[in-house]
Amino acid sequence: MRSSRTLRRALLRARRDTGFLAAGIPLHLALASQWVWGVTIVVKANAWAVVPIPFALFVVGVPALTFVQRHRYRVLLGVDVPRLTPTPERWWPRRALRWLSSAQTWRQVVYHLLLGPLLAALELLVLAAWAVAVSGATACGWAWALPGEERLMAFFYTVVGVVLLCSAPWLAGATARTETRLASALLGSSRNERLRQRVEHLAESRTDLIEAVDSERRRIERDLHDGTQQRLVSLAVNLGLARATLIDLPDDARTAIDEAHREAKAAIAELNDLVRGLHPAVLEDRGLDAALSGLAARVPLPVRLRVDIGERAAPIVESVAYFVVSEALTNVTKHARATRVEVTVERIGKVLRVNVTDDGIGGADASAGSGLGGLAKRVGSVDGSFRVSSPAGGPTTLTAELPCEL
Amino acid sequence: MRAVIAEDSVLLRVGLVKVLEMAGFEIAADVGDADALLTAVEQHRPELALVDVRMPPRFTDEGVHAALVIRHQWPRTAVVLLSQYVEERYAADLLTAHTSGVGYLLKQRVADVEEFIAAVRRVADGGTALDPEVVAQLLLRRHSDPLERLTPREREVLALMAEGRSNAGIAEALVVSDSAVAKHINNIFAKLGLPAADADHRRVLAVLRFLEVPPN
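Remember, it's a predicted structure, so these values are computed and weren't measured experimentally.

A. The arrangement of the overall build of chain B in detail. Regarding its fold elements, chain B presents ten helices and six strands. Every one of the 216 residues in chain B was classed for burial, and the buried ones make up 57%. A fraction of 62% describes how many contacts in chain B between residues 6 or more apart in sequence connect residues 24 or more apart. Here chain B displays about 8600 Å² of accessible surface, and carbon together with sulfur accounts for 53% of that area.

B. Spatial organisation of the interface of chain B and chain A. In this complex, chain B contributes 36 residues to the contact, which on the side of chain A involves 41 residues. For the pair chain B and chain A, the summed buried surface comes to about 3400 Å²; carbon and sulfur atoms form 52% of the total. Applying the counting criterion to the chain B and chain A interface returns four salt bridges. Two residues, Asp61(B) and Arg286(A), come together in a salt bridge whose shortest N-O distance is 2.7 Å. Summed over the shared surface of chain B and chain A, the number is twelve residue pairs in polar contact (both at pLDDT 80 or more). Going through the elements one at a time, α1 (10–22), α3 (62–73), α4 (88–97), α5 (113–124) and α6 (132–141) of chain B are the ones with two or more residues in the side of chain B that touches chain A.

C. Just the environment of Val237(A), in detail. Locating Val237(A) in the fold gives a position in helix α7 (residues 191–245). Overall, the relative accessible area of 1% leaves Val237(A) in the buried class. Those residues within four positions of Val237(A) in sequence are excluded, and the remaining contacts are Leu12(B), Gly15(B), Val19(B), Val110(B), Ala111(B) and Val113(B).

D. Inspection of the packing of aromatic side chains at higher detail. Summed over all chains, the structure comprises one aromatic pair over all chains. Looking at Arg72(A), its charged tip hangs above the ring of Phe20(A), at a distance of 4.0 Å from the centre.

E. Spatial organisation of helix α11 (residues 315–336) of chain A. Residue and element names in this part refer to chain A. Here α11 contains 22 residues, and its C-alpha end-to-end distance of 30 Å stays within 8% of the 32 Å for a straight helix at 1.5 Å per residue. Burial within α11 is extensive, with 16 of its 22 residues counted as buried. The positive-phi residue at the C-terminal boundary of α11 is Arg 337, with phi of around 50°.

F. Representation of the sheet that holds strand β3 (residues 351–358) of chain A. All names here are of chain A. In spatial order, the strands read β1-β2-β3-β5-β4; together these five strands make up an open sheet with mixed pairing. Here the strands that pair on one side only, and so sit at the sheet edges, are β1 (303–308) and β4 (385–389). Direction aside, neighbouring strands of the sheet carry axes that sit 10° apart on average. Relative to strand β5 (residues 396–403), β3 runs antiparallel, the two being bridged by eight bridges. Bridge pairing links Leu 352 to Leu 402 in β5.

G. Representation of the side chain of Glu163(B). All names here are of chain B. As for its placement among the helices and strands, Glu 163 is situated in helix α7 (residues 152–163). Only 3.4 Å separates the side chain of Glu 163 from the side chain of Arg 165, close enough to count as a polar contact. Glu 163 has contacts with Arg 122, Thr 128, Ala 129, Leu 130, Pro 132 and Val 135, leaving out every residue within four places of it along the chain.

H. Focus on the pairing of β4(A). Residue and element names in this part refer to chain A. Bridge count for β4 against β5 is five bridges, and the pairing is antiparallel. By the bridge assignment, Arg 387 is partnered in β5 with Thr 399. The antiparallel hairpin formed by β4 and β5 contains six residues in its connecting segment, where Gly 393 sits at a positive phi of about 95°.

I. Layout of the pairing of β3(A). Residue and element names in this part refer to chain A. With eight bridges connecting them, strand β2 (residues 341–348) and β3 associate as antiparallel partners. For Arg 347, the partnering residue across the bridge sits in β3 and is Leu 352. Between the antiparallel neighbours β2 and β3 lie two residues, among them Gly 349 with a positive phi of about 60°.

J. Highlighting helix α1 (residues 2–44) of chain A. Under the 1.5 Å per step criterion, the end-to-end length of α1(A) is 62 Å for 43 residues, consistent within 8% with the ideal 63 Å. The largest bend in α1(A) is about 35°, located at Ala30(A).

Analysis parameters
- Residues numbered from 1 in each chain as written.
- Chains lettered and ligands numbered in written order.
- Predicted model: local features only at pLDDT ≥ 70, side-chain atom pairs only at ≥ 80, totals over all residues.
- Heavy atoms only, no water.
- Helix = DSSP H or I, 4+ residues; strand = E, 2+ residues; numbered from the N terminus.
- Buried < 20%, exposed > 50% of the residue type's maximum accessible area, 1.4 Å probe, protein only.
- Contact = heavy atoms within 4.5 Å.
- Areas by Shrake-Rupley, 256 points an atom, 1.4 Å probe, with all protein chains shown as cover.
- Buried area = accessible area lost by both parts, 1.4 Å probe.
- Salt bridge = Lys/Arg side-chain N within 4 Å of Asp/Glu carboxyl O.
- Polar contact = N/O pair within 3.5 Å; in protein donor to acceptor, adjacent residues only side chain to side chain.
- Phe/Tyr/Trp six-rings, centres within 6.5 Å; stacked < 30°, edge-to-face > 60°.
- Lys NZ or Arg CZ within 6 Å of the ring centre and 35° of its normal.
- Expected span 1.5 Å × (residues − 1).
- Pairing = 2+ DSSP bridges.
- Axes fitted to C-alpha atoms, helices over the stretch in contact; angles between N-to-C directions.
- Bend = angle between axes of the 7 residues up to and from the residue.

Rendered as structure tokens:
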């Protein structure tokens, strides 16, 4: 039972492989023969006017044949030849140039033009083997019709036929496998190309993600600014008005109003700090210099700030640079016991270098799960580099280098 | 005195109207964006415009631009900018172009009604009012210039001067005599290298030096 199923499967596979090989013959001969024909005309008849013919065959034929071949592998063999999604390019001459200059195109040319005839020969050989095998194996059957001395010959043919019949499926299978391997190597994309494309995709989607997060921060900032902050301010103003106008209130009522007034102002201050940390509006309007000077001014230490960037960097890069300085200054205030801080932001070629140095006690460690680790990650998210130098006893220098364009 | 108010948050606008009315202003118009503000100022020619920095449609620094236009086209209208956060750049923009009749305050400062009213009146009378926060920030930052030569007391005086206060106001805040304030101010002018020409103008110059704004 089991062996019969195996046999059936083997037969089906043999049929599939053979059909696949047979279908390959015209395809493999198509371009090569046309090309030879075209070149022959040009050379023999010295008819240079027809030069465009082989060229057109090449331009139209290679993609068309590749398409048909892919189809043949998929339908007849169930194999998908890997391919690259072409990079969209609107301007057609550039698209054509890209096509002509890609290694993939020339591998396809090799496949259709040089390898094609060889494969066709191989396929013919397999078909011939089948023909010989079938006719040989049945030799004994029709040999009775022949004269006696030929029967021995017929028996010999039969033996050869049966041997061939047994080995033909294997031959067809091996050939089909070889072709598949060649097709993946030449018609498909190389592993390197696929990896490169994957990296491009990943880089793109990561940039999208970072930008999405950034715009979300902006949205939250705007919502808070337009909503909660204004409400709180309005509340504080009304309490202030009450304080100023309701003079003849009992003492405890006055105290309650005073208290509420103070609380409202404290809440505004806290919310302001929080919202500013999300995304300062001035960063969008006036750029890093203005935003950083606002930031530096809030630090309860003397800060020397130098921003020299000329042309503005991409918004996301500015945002990361701002975040770096903001976090660094928070760390300095909290832990460094410094007396002064120096912040420089400069553009060197295509790199934005952010440098924060303090004269504190040092000993900052980026790996200790502190805010510094988060900073390194944030910088890494835009392909920047991040270094901390903080020997015990100080000084601490923190450097981030960010690519200006993403 | 008449005033117009430009503030996109309706809630806060109502509060501002009440505060200004309490200060004795007649509210000629209250609007929600910069274009409407300019139209209202042109129409009513008020003595004061109270302007939010961030308004529709871009929600960035419309108010600063509108303030500069108002001070340029209708010099008799004083402008007080209100902002959720005080950015010294905006203050610098304002003071580079005009050294009188301008103010720049944090919104939450409105809650301290009496102080706010005093600041607004000062500006309407052609003075200046800078938020203590801007001033405090600048004091922390500037440490590498002639300001370093000032004594702590002189820095306090300069800070109050930068906020726009008069000698009397400074004397009251620091609980010292008027003559002591005058002495400090003269020392400040000397240390900042400001010649004794027009005394009032020197105050502004000192503040500008303080802001590191080039005087025009």
